[in-house]
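# Structural characterization, general
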Amino acid sequence: FNVPLNYAKQGVERTLGVPVNVGRAARAYGAGDVERGAELMAKATIGAAAMTTAGALAAGDNLTGDGPSDPGDRRVWEETHKRNSFRVPGTSEWFSWEGTPWGIPFGVVAGAKEGWSEAQERSAKKGQAEPVDVVGSAALRASQGAVQAFASQSFVRNLGDGYKLLTGQESGLGSVA
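The following refers to the structure shown. (Residues numbered from 1 in each chain as written. Predicted model: local features only at pLDDT ≥ 70, side-chain atom pairs only at ≥ 80, totals over all residues. Heavy atoms only, no water.)

Attention now moves to the environment of A119. Following the sequence through the fold, A119 ends up in helix α5 (residues 103–126). In this structure the C-alpha to C-alpha distance between A119 and E130, which are 11 residues apart in sequence, comes to 7.9 Å. When neighbours within four sequence positions are excluded, A119 is seen to be in contact with D133, V134 and S137. (Helix = DSSP H or I, 4+ residues; strand = E, 2+ residues; numbered from the N terminus. Contact = heavy atoms within 4.5 Å.)

Residues A54, L57, A58, L63, F86, W97, F106, V109 and A110 constitute the largest nonpolar core, which totals 9 residues. Counting residues per element, the ones that place at least two in this core are α3 (34–59) and α5. (Core = buried A, V, L, I, M, F, W, Y, C linked by side-chain atoms within 4.5 Å. Buried < 20%, exposed > 50% of the residue type's maximum accessible area, 1.4 Å probe, protein only.)

Before going further, it helps to examine the packing of aromatic side chains. In this structure the tally under the stated criterion is 3 aromatic pairs. An angle of 35° between the planes, with centres 5.8 Å apart, marks the rings of F86 and F95 as tilted. Residue classification places F86 among the buried positions, given a relative accessible area of 18%. Ring geometry for F86 against F106: centres 5.8 Å apart, planes inclined by 80°, an arrangement best described as edge-to-face. Taken together, the residues span a long stretch of sequence, with F86 in strand β1 (residues 85–87) and F106 in helix α5 at a distance of 20 residues. Put simply, the rings of F86, F95, W102 and F106 touch in pairs and so form one group of aromatic residues. (Phe/Tyr/Trp six-rings, centres within 6.5 Å; stacked < 30°, edge-to-face > 60°.)

Structural data, given as structure tokens:
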């Protein structure tokens, strides 16, 4: 179980852990532990680069999560987008981020963007701003994106497939991705 735990740990370090690792690095440097400070700063830098890349891709409509919740909107969206993927800006070819080291940061940002956008559309239909709905939807979809990215890893799918083979029942692990 080291692989799933390490993947989850790296996912946290590359998202929520970025500011935490910067603070820990500053304390390590302040205590004279240059090696530990450099290690923590390297983790923070990798995480910041992954999140910045995801943010830039999402801002240009080049990063996707699960897509719109509404089935009709999703059908239209799927004509020009691919689920859980990214594309190089200016191109039309999509590449899946599932199963990559960027899975969790990309899933978090894509989910947050989709949640934010859907909540803003709901607010516009009501004719009033709903900041709690917008922020809450973005946070929920960001969390769902992280879980989806984790579940898309081959070792998690294999656990689900093994469970089904032994019990004949779906675990949800192999079918989530």
